[in-house]
Amino acid sequence: MTLLAVEHLGKRYRLPRRNLFAAAPEVQALADVNFALQAGRSLGIVGESGSGKSTLARLVMALEVPSSGHVRLDGDDLHALDAAALRRARARLQMVFQDPYGSLDPRRTVLQTVAEPLAVLHGAGRAEQRERAAEVLDAVGLRPGDLGKYPHEFSGGQRQRIAIARAFVTRPELIVADEPVSALDVSVQAQVLNLMQDLQERYGVTYLFISHDLAVVELVCDEVIVLQHGRVVEHGRPHEMFRRPQHAYTQRLLAAVPGR
């Protein structure tokens, strides 16, 4: 079953005018991007900085409005929903950000951070918030006793586990992971990736996994899309694509990976 369908998606940004009388220039961040992601599967999006990966993530999360095309979650066009329907849809998708230091509010406890989506999206009471937060914290390898602590009391890897717990607490169907391990030490990256795979098996969640690290994508994703200047240049299974890349850009990305 197709959970997420992206159809002819495009995004243009208007740049500042160079002078008062000139037309404002535009930059094409995404152009005619198409893919379908099956429920319970993982799709990797790879490309260099500026290739459009994070723009795609924001459009899928309905944080920005596309210039053209559609993002459909289980058949519903997210950008055509009214405010109430979009609010309900947001309970079905969550995001894990790149920086575990910047994505957590230092003034809020772990309980406040993890339980917030339950309160905002589901209107859950305090007892349910604590119960669900403790459950998901245990699922990511932390202790329920950590609920009263603050972010500065944890390591980078532990903070990212908290961010993952926050994403899973509403039991979403789709998680957009935008460079979720790139800010972590190499020794911690494998632990977090293994955790994400274990949670996928446990909850049946679907991942849109955005990364510049081809080795990470090859490890965790069933399919991969290569973006260059906002356009899809190659799409396939990572084990096949990374051994026999067809596009020159994919070949250059692979050539830049040490040890390949």
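Look up a bit, the structure's there.
Now for a look at the structure at hand. (Residues numbered from 1 in each chain as written. Predicted model: local features only at pLDDT ≥ 70, side-chain atom pairs only at ≥ 80, totals over all residues. Heavy atoms only, no water.)

Let's talk about the sheet that holds strand β4 (residues 68-73)
Here comes step 1: Sheet architecture is open: four strands sit in the order β2-β1-β4-β5, paired in antiparallel fashion. The two strands at the open ends of the sheet, each matched to only one other strand, are β2 (26-38) and β5 (76-77).
Here comes step 2: Pairing geometry for strand β1 (residues 2-14) and β4, over five bridges, is antiparallel. What sits directly across from Val-6, in β4, is Val-71. (Pairing = 2+ DSSP bridges. Helix = DSSP H or I, 4+ residues; strand = E, 2+ residues; numbered from the N terminus.)

Some remarks on the layout of surface pockets
Here comes step 1: What the largest pocket holds in volume is close to 350 Å³.
Here comes step 2: Along its surface, the largest pocket is lined by 15 residues, and Met-61, Gln-94, Met-95, Phe-97 and Pro-117 are the ones closest to its centre.
Here comes step 3: When contributions to the lining of the largest pocket are tallied by element, the ones reaching two or more residues are β6 (93-96), α3 (110-122) and α5 (156-168).
Here comes step 4: Take the lining of the largest pocket: its biggest share by element is four residues, from α3.
Here comes step 5: Around the second largest pocket, the lining is made up of 11 residues, and of these His-212, Leu-214, Leu-253, Ala-256 and Val-257 lie nearest the centre.
Here comes step 6: Tallied by class, the residues present in the lining of the second largest pocket amount to six nonpolar, two polar and three charged. (1 Å grid on protein atoms, 1.4 Å probe; cavity = no way out; pocket = protein on both sides within 12 Å on 5 of 7 lines; lining within 4 Å. Points joined across faces, edges and corners; volume = space filled by probe spheres on them. Nonpolar A, V, L, I, M, F, W, Y, C, P; charged D, E, K, R; others polar.)

Focus on the pattern of salt bridges
Here comes step 1: Counted by the stated rule, this structure contains 13 salt bridges.
Here comes step 2: In this structure, Glu-26 engages Arg-12 in a salt bridge whose closest nitrogen and oxygen atoms are separated by 3.5 Å. In this pair, Glu-26 is assigned in strand β2 and Arg-12 in strand β1, connecting sequence segments 14 residues apart.
Here comes step 3: When its relative accessible area of 43% is taken as the criterion, Glu-26 is described as partly exposed. (Salt bridge = Lys/Arg side-chain N within 4 Å of Asp/Glu carboxyl O. Buried < 20%, exposed > 50% of the residue type's maximum accessible area, 1.4 Å probe, protein only.)

Description of the nonpolar core
Here comes step 1: One finds Val-114, Val-140, Ile-164, Phe-168, Leu-199 and Phe-209 to be the most contacted residues of the largest nonpolar core, which totals 50 residues.
Here comes step 2: Apart from residues no more than four positions distant in its own chain, Val-140 is found in contact with Arg-161, Ile-164, Ala-165, Leu-195 and Leu-199.
Here comes step 3: Within the second largest apolar cluster, 29 residues are counted, among which are Met-61, Leu-86, Met-95 and Ile-210. (Core = buried A, V, L, I, M, F, W, Y, C linked by side-chain atoms within 4.5 Å. Contact = heavy atoms within 4.5 Å.)

Let's talk about the environment of Val-169
Here comes step 1: Along the polypeptide, Val-169 turns up in the loop between α5 and β7 (174-178).
Here comes step 2: When sequence neighbours within four positions are dropped, the list of residues in contact with Val-169 reads Val-114, Pro-117, Leu-118, Arg-132, Ala-133 and Val-136.

Here we look at unusual backbone geometry
Here comes step 1: One non-glycine residue with positive phi stands out, namely Asp-32, at about 55°.
Here comes step 2: Residue position: Asp-32 is located in strand β2.
Here comes step 3: Under the relative-accessibility criterion, Asp-32 is labelled partly exposed at 44%.
Here comes step 4: Phi angles above zero are rare outside glycine, and His-229 is one such case at about 50°.
Here comes step 5: Secondary-structure assignment places His-229 in the loop between β9 (223-228) and β10 (231-236).

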